[in-house]
Amino acid sequence: MSWGTELWDQFDNLEKHTQWGIDILEKYIKFVKERTEIELSYAKQLRNLAKKYQPKKNSKEEEEYRYTACKAFLSTLNEMNDYAGQHEVISENMTSNITVELARYVQELKQERKSYFHDGRKAQQHIEICWKQLESSKRRFERDCKEADRAQQYFEKMDADINVTKADVEKARQQAQVRHQMAEDSKADYSSILQKFNHEQHEYYHTHIPNIFQKIQEMEERRIVRIGESMKTYAEVDRQVIPIIGKCLDEIVKAAESIDQKNDSQLVIEAYKSGFEPPGDIEFEDYTQPMKRTVSDNSLSNSRGEGKPELKFGGKSKGKLWPFIKKNKLSLKLGATPEDFSNLPPEQRRKKLQQKVDELNKEIQKEMDQRDAITKMKDVYLKNPQMGDPGSLDHKLTEVSQNIEKLRLEAQKFEAWLAEVEGRLPARSEQARRQSGMFDAQNPATVNSCAQDRESSPDGSYTEEQSQEGEGKVLATDFDDEFDEEEPLPAIGTCKALYTFEGQNEGTISVVEGETLYVIEEDKGDGWTRIRRNEDEEGYVPTSYVEVYLDKNAKGAKTYI
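Please read these numbers as outputs of a predicted model, since none were measured by experiment.

**Student:** Give a detailed account of the overall build of the protein chain, specifying residues and quantitative values.
**Tutor:** Within the protein chain one finds 11 helices and 7 strands. Counting the 561 residues in the protein chain, one finds 37% classified as buried. Taking the contacts inside the protein chain whose residues are at least 6 apart along the sequence as the reference set, 76% of them involve residues at least 24 apart.

Written out as C-alpha cells, the structure is:
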C-alpha cells in the first residue's frame, strides 16, 4: 500500500491532505497550551486560597492554632500549597515536553513538506515540457508530410502535361524530392522525441512521483505517530504527579485523624483557668435576736452572698463609667500593661510568667553561644595574629557579657514573680483538699495596681470594660464632677478581704488580706464593689478580692464574685 502507486494522479489532493494534517497538529498544540494556562491559573488560585486562610503572624489567630483541629486545618493549607505545586509541574512538563517540542516539529514538518512538493512540481513541469516538445515535432512532421504530398502531386501533374517545358518538370521534380526529404527528417525527429517522451513519462509515473509520494506518505505517518506520542506524554504528565497528589491527600487525612478533642478541651482549660477556688457554703445567720448585725471573722470566712454566685460576662456596666476606669482605659490603650502580668488571674499569670522566663532563658543561651563563638575567634586571632586583631573583639565581648547580665537580672525578676504566684496557687495534687474559696497562704503576694483597671471576662482574664453606645463621648471631667458630688451611701452589708489589694488609682481603696469593711454599693456587673473603711475613706475594690455579705435590706441584690 503506497501512495506512489495508488495515488499517482492525486498530487493536489495529497497537498491539501498534508496541509490539513499540519493544521490538526497546530490545533493540538493550541489545546495543550490552553491546558497549561488553566493549570497555572488553578495553581495560582489554590495558592491564593491557602494564603488567604493562613494565620496572621503575631495575632490572636496564630494563638488559635495550638488546638489540634486548627493544626489539622493548617496542615491542610500547607498540603494545598504542595497540591498547587503539582499543577504547576503539570503545566511546566506539558509546556516543555509537548508544546515546545511539537512547535519545533511543526516547523521542520512544514519545511520537509515544502521540499517534497517542490520536487513534485518540478517533475510535473519537466514532463509537461517534454509533452510540448512531442506535440511540436508531431505537428511539424504532419505538416511536412502534407507538403511532400502536395509537391508530389504537383510534379506528377506537370509531368503529365505535354505543354509544360522539360525545365519546369525538372524543377517540380526537385521540389517534390526536397519536400519528401523534409518529411523524412521530421519523421525521424518526431520518432526520436516520442521515444524520449515515453522514457521520461515512464520515469515520471513509475520512479519520480512514487518516490516523492512515498516520502510524503512517510512524513505524514511520522506526523501521526508524533501526535500519538504527544497524547501519551499528555497522559503520563498527569500520571506522574498522581502519587504526589495522593500523598498530599493522605497527609490531609492524617492531619484530620490527628485531631484530639480531649487535648483541645485541655487546652481550653489551660487557656482560661483563673486559678480561683469556687465559693464555699453560706453560713446560716440568725435573725431572731433584735440586734445590729455584725459579722465576725468566722461568719465571713466562707460566705459569698446569697445562693450560688451568678457570673456576668460581657463587661458592660449598666451604670455609669467611673473616672478611674475611664482614666486607665487610655493608659492601657497606650500599652501600659503590667510587667508582672498582675492584671491576670493567678493561673493565667503563672502561665504568662513561665512563658516569659522561658523566652529569657532562650535569649540568654543565644547570647552565651555568641559569647563562646567570639571567645573562640579571639583565641584563633591570638594564635594566628595575621588572621585578625584580638583586641578588636574585646568591645563586642564586653557588650555580649553585659547583655547576658541584663537578661539574667530580668529572668531573676520574672522568676521571683513566678515563685510568688506559685506560692499563692494551691498545689495541683492538693486542690481537692483545699478549703472552698481560699488560696494557699504560704507566700502571700501583693497584686499589682493595674488589676483594678480590668473587669472579669469569659476567658478568665481581666479585660477592659466595654463602654455602652454613646458613653465614650462623655468627658472624663463630667464623671469626676459627678463622682465628687455624690452623697454618702449607707452600708448595705459587710465584706472580708481575701487578698491584699493596693488601690493606687483614683476611686479605688487599698485593703489588707483578712480586713473587714462595709459594703456601700454592690457589684453592678462591672467587676467592682464599692466599700467603706470609715466615714471618710471609701472606694472600689475588685469583687473577686472580697467575700460579700449583704443585710436583709439588700436581700434581693446579687453579688458578683
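**Student:** Break down the sheet that holds strand 6 (residues 538–542) for me, citing the residues and quoting the values.
**Tutor:** Two pairing modes exist for strands in a sheet, parallel and antiparallel, and in both the strands are linked by backbone hydrogen bonds. What the 5 strands build is an open sheet, ordered 6-5-4-3-7; its pairing is antiparallel. Of all strands in the sheet, those with a lone pairing partner are strand 6 and strand 7 (546–550), marking the two edges. Pairwise comparison of adjacent strand axes, ignoring direction, gives a mean angle of 40° for this sheet. Taken together, the 5 bridges between strand 3 (residues 493–497) and strand 7 define a ladder with antiparallel strand orientation.

**Student:** Before we move on, can you summarise the packing of aromatic side chains with the specific residues and values?
**Tutor:** Under the definition given, this model contains 13 aromatic pairs. Their ring planes at 85° and their centres at 5.5 Å tell us that Y499 and Y545 sit as a pair that is edge-to-face. Residue Y499 is located in the loop between strand 3 and strand 4 (516–521), and its partner Y545 is located in the loop between strand 6 and strand 7; the two are separated by 46 residues in the primary sequence. For Y499, a relative accessible area of 6% translates into the label buried. Considering the side-chain rings of F501 and Y545, the 5.8 Å spacing of their centres and the 65° angle between planes classify their relative orientation as edge-to-face. Residue F501 is found in the loop between strand 3 and strand 4, and its partner Y545 is found in the loop between strand 6 and strand 7; the two are separated by 44 residues along the sequence. Comparing F501 with Y545 shows no difference in burial state: the two are buried. Every member of this aromatic cluster is reached through a ring pair, and the members are Y499, F501, W528 and Y545. A cation sits over an aromatic face here: R66 above Y67, 5.3 Å from the ring centre. Seen from the ring of Y105, R226 lies directly overhead, with NZ or CZ sitting 4.7 Å from the centre.

**Student:** Can you explain the side chain of E200? Please cite residues and give values.
**Tutor:** Its location among the elements puts E200 in helix 5 (residues 166–257). Buried and unpaired, E200 has no salt bridge, with K196 as the nearest side chain of opposite charge at 6.0 Å. A polar atom in the side chain of E200 sits 2.9 Å from the side chain of H126. Apart from the residues within four sequence positions on either side, E200 is in contact with H126, I127 and C130.

**Student:** Tell me about a negative patch on the surface, and please be specific about residues and values.
**Tutor:** There is a patch of like negative charges on the surface, built from E61, E62, E63 and E64. Relative to the helices and strands, E63 resides in helix 3 (residues 60–64).

**Student:** Help me get a handle on the pattern of salt bridges, residues and values and all.
**Tutor:** Tallying each qualifying case throughout the model produces 23 salt bridges. The partner of E39 in a salt bridge is R35, and the shortest N-O contact between them spans 2.7 Å. With E39 and R35 both in helix 2 (residues 11–52), this residue pair falls 4 residues apart, about one helical turn. Ionic pairing is found between E112 and R222, a salt bridge with its closest N-O pair at 2.4 Å. Of this pair, E112 sits in helix 4 (residues 68–160) while R222 is found in helix 5, placing the two residues 110 residues apart along the sequence.

Basis of the calculations
- Numbers given to residues run from 1 along each chain, matching the order in which its sequence is written.
- Reporting of local features is limited, given that this is a predicted model, to residues whose pLDDT is at least 70; pairs of side-chain atoms are given and counted only at 80 or more, and all residues count toward the totals for whole chains, interfaces and linings.
- Side-chain measures were taken over the full set of non-hydrogen atoms in the model, leaving aside hydrogen atoms and water.
- Numbering of helices and strands starts at the N terminus; helices are DSSP runs of H or I of at least 4 residues and strands are runs of E of at least 2.
- The classification of residues rests on relative accessible area computed with a 1.4 Å probe and restricted to protein chains. Under 20% of the type maximum is buried, over 50% is exposed, and intermediate values are partly exposed.
- Whether two residues are in contact is decided by their heavy atoms: any pair within 4.5 Å suffices.
- Any two strands with at least two DSSP-identified bridges between them are counted as paired.
- Where helices are involved, their axes are fitted lines through C-alpha atoms of the stretch in contact, as for all axes, and angles between N-to-C directions lie from 0 to 180°.
- Working definition: a ring pair exists when centres of Phe, Tyr or Trp rings (six-membered ring for Trp) sit within 6.5 Å. Plane angles under 30 degrees give stacked, over 60 give edge-to-face, the rest tilted.
- The rule is short: NZ of Lys or CZ of Arg within 6 Å of the ring centre and within 35 degrees of the ring normal puts a charge over the ring.
- Charged-residue counts in this description rest on Lys and Arg as positive and Asp and Glu as negative, His and the chain ends being excluded.
- The rule for a salt bridge is simple: a side-chain nitrogen of Lys or Arg has to be within 4 Å of a carboxyl oxygen of Asp or Glu.
- The term polar contact refers here to a pair of N or O atoms within 3.5 Å; inside protein, the definition further demands a hydrogen-donor-capable atom paired with an acceptor-capable atom, and it admits residues adjacent in sequence only when both atoms are side-chain atoms.
- Only residues whose relative accessible area exceeds 30% and that form no salt bridge enter a patch; like-charged residues are grouped when within 9 Å of one another, and nonpolar side chains (Val, Leu, Ile, Met, Phe, Trp, Tyr) when within 5 Å.
- The method behind every accessible area is Shrake-Rupley, applied with a 1.4 Å probe, and residues are considered shielded solely by the protein chains displayed.
- Working definition for charges: the position is that of NZ of Lys, CZ of Arg, CG of Asp or CD of Glu.

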